[in-house]
Amino acid sequence: MLRKSDGHPRSLARPGRGCSNEGVNSEQPPQGRDLRNGPSRRNEPGERNGRDGPDGEDGRGRPVGRRILLGTLGLGALGVVTAPTLQRGLESFLAGASDKDPTGLTGLLPNGGGFRYYSVTSSVPRKNAETYRLTVDGLVDRPASYTLAELRSLPQTRTVRDVQCVTGWRVPDTAFEGVRLSRLLDAAGVRPTAGAVRFTCFDGAYSESLTLDQARRADVLVALRMRDEDLGHAHGGPARLYVAPMYFYKSAKWLSGITVTEDVEPGYWEERGYDVDAWVGRSNGRDDEPTD
Amino acid sequence: MSTPGSAARTDATMSPRTDTPPAATAVRRFGRAQRWVHRTTAALTGLCVFTAACLYVPQLAQLVGRRGLVVTVHEWSGLLLPVPVLAGLASRAFRADLGRLNRFGPHDRTWLRAALRRDKRPSSRPAGKFNAGQKLYAAWIAGATLVMLGTGLLMWFTHLTPLVWRTSVTFVHDWLALTLGIVLAGHIGMALADPEARRGMRTGSVRREWAEREHPLWRP
């Protein structure tokens, strides 16, 4: 083996060059320290000796690595199969843990409860009581523009329901408070040809829509408050749409425009594959519990 | 051999020169293939982890926004993640290293036992070119990456499977992502603590003295 790795096997056959160190060393059986520092170590920089080096230990053995890899894959598959059970257990455990967690870190865990911030634009302008306007137009007899104060002066409705996102997270028992959308529609006078409502947002990109029947439901609000506080910017303040029975992407944040239309025009995520009729548990291929 | 006296002397005085090379001699640890596979995989992993954080951590999501773009970058960096390793298979040196990572010998058991006892003495940590910890890490991260890729694809192309699977697949993807983040942090932390190991990955060479201490069974 050494002779082979030495790289100069022929020199050994020539007695005339007996003084060569390489020759001398190569002919002697390796012993003691030579094992570690023998010539083969220096002369063979390539990878060839990986498996059959002088002591042969490196790179020999059982293929445990492959078993670990396959085992990890198997565990992943098992995880998918048992996910519903595991998820229920973890959710109840984490709900308990987050009650006693002063750091709020459990909120960052998957299924740890709490909202996640989604915005489709890079930055969203901020609007306050002075700068905010909500317009109602389209197929209506009396187009209108509301300030925040005007919206607040209308009768307010408060609901407490679960919030369910289509990506899986759910926030239980969340209070929303605001003006029923049907009240704004009635005030504007919807024309008979109308069939749908389109919503636009002052982030400049997001849009949503509902059929007129859906929009007139009692649990569809222009929400001004959440969890009994004024709606903050991160949650779509000062006013957002709140469509209680549907997945949360229907509840457009930073609502700025309500346009009555003839037909439903798919919104931002709906053009990217989400269902227009986004009933919780009956759409988007999901079977979540309804949010009441 | 032709002059016996000198041959004997040669043997006694010259061989130490061959046996103990200058202490600072560099040993080749990684060729270009291994280093580029590592570099590109690390870059893609970084991109994947960063975009994941932007999708997931509320503070980062607020800072970055652009959800549609971030989702696209995340999907593609994840999809491309196995490509460097697959391309690396063309290199014999890289395949040889994969072979070394795959095979566990008796000395790896010794190493792992010492690691569990927090025994840091080099004498109780025998290792070839890769120690048992590195082998475990490599095998697990490869498997976990494939699980992330599989679950990620099912989340991406929801029509490929019965749609009820999506929740389960998201569950695995989320929790494994968290685990992967912790393990990757460990990997990076250990690299930060060992400048010579980093040099090996950066330049391809390490000091012989380091190799003999950390990887005594390795024959470069």
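First, a word on scope: everything that follows refers to the structure included in this document. None of the values given here were measured: they were computed from a predicted structure. (Residues numbered from 1 in each chain as written. Chains lettered and ligands numbered in written order. Predicted model: local features only at pLDDT ≥ 70, side-chain atom pairs only at ≥ 80, totals over all residues.)

What about the overall build of chain A?
Turning to step 1, where the next piece is worked out: A tally of regular secondary structure across chain A gives 10 helices and 10 strands.
Turning to step 2, where the next piece is worked out: Per-residue burial over chain A gives 33% buried out of 292 residues.
Turning to step 3, where the next piece is worked out: When contacts within chain A are restricted to residue pairs at least 6 apart in sequence, long-range pairs at least 24 apart make up 57% of them. (Helix = DSSP H or I, 4+ residues; strand = E, 2+ residues; numbered from the N terminus. Buried ≥ 20, exposed ≤ 12 C-beta atoms within 10 Å, placed from the backbone. Contact = placed C-beta atoms within 7 Å.)

Some words on the environment of A:T72
Turning to step 1, where the next piece is worked out: In this fold, A:T72 is placed in helix α7 (residues 64-99).
Turning to step 2, where the next piece is worked out: Judged by local crowding, A:T72 falls into the buried class, with 20 C-beta atoms found within 10 Å.
Turning to step 3, where the next piece is worked out: Apart from residues lying up to four places away in sequence, A:T72 is in contact with B:W140, B:G143, B:A144 and B:V147.

What about the packing of helix α2 (residues 32-56) of chain B against helix α6 (residues 92-102) of chain B?
Residues and elements named next belong to chain B.
Turning to step 1, where the next piece is worked out: Packing of α2 against α6 leaves a shortest axis separation of 7 Å and a crossing angle of 70°. The angle between α2 and α6 falls in the class roughly perpendicular. Side by side, α2 and α6 meet where A33, Q34 and V37 of the first sit next to A93, F94 and D97 of the second.
Turning to step 2, where the next piece is worked out: Of the residues assigned to the contact of α2 with α6, the class counts are four nonpolar, one polar and one charged. (Axes fitted to C-alpha atoms, helices over the stretch in contact; angles between N-to-C directions. Parallel < 35°, antiparallel > 145°, perpendicular 65-115°, else oblique. Nonpolar A, V, L, I, M, F, W, Y, C, P; charged D, E, K, R; others polar.)

Describing helix α4 (residues 67-80) of chain B
All names here are of chain B.
Turning to step 1, where the next piece is worked out: For α4, built from 14 residues, the straight-helix expectation of 20 Å at 1.5 Å per residue is met to within 8% by its first-to-last C-alpha distance of 20 Å.
Turning to step 2, where the next piece is worked out: Listed in full, the buried residues belonging to α4 are R67, V70, H74 and G78. The arc enclosing the buried residues of α4, seen along the axis, measures out at 65°, which places them on a common side.
Turning to step 3, where the next piece is worked out: The inward-facing, buried residues of α4 abut α2, α3 (58-64) and α8 (132-156). (Expected span 1.5 Å × (residues − 1). Arc of directions from axis to C-beta.)

Structural notes on helix α9 (residues 165-192) of chain B
Turning to step 1, where the next piece is worked out: If you check α9(B), its first and last C-alpha atoms are 40 Å apart, about what 28 residues at 1.5 Å a residue would give, namely 40 Å.
Turning to step 2, where the next piece is worked out: All buried positions along α9(B) are accounted for by B:R166, B:S168, B:V169, B:T170, B:F171, B:V172, B:H173, B:D174, B:L176 and B:L180.

Looking at unusual backbone geometry
Residue and element names in this part refer to chain A.
Turning to step 1, where the next piece is worked out: At the junction of G237 and P238, the peptide bond is cis and its omega measures out at 10° in the coordinates.
Turning to step 2, where the next piece is worked out: Along the chain, P238 falls in the loop between β8 (229-230) and β9 (240-243).
Turning to step 3, where the next piece is worked out: Despite not being glycine, D173 has its phi angle at roughly 45°, a positive value.
Turning to step 4, where the next piece is worked out: For D173, the location among the structural elements is in strand β4 (residues 170-180).

Geometric descriptors of this kind do not, in isolation, establish any biological role.
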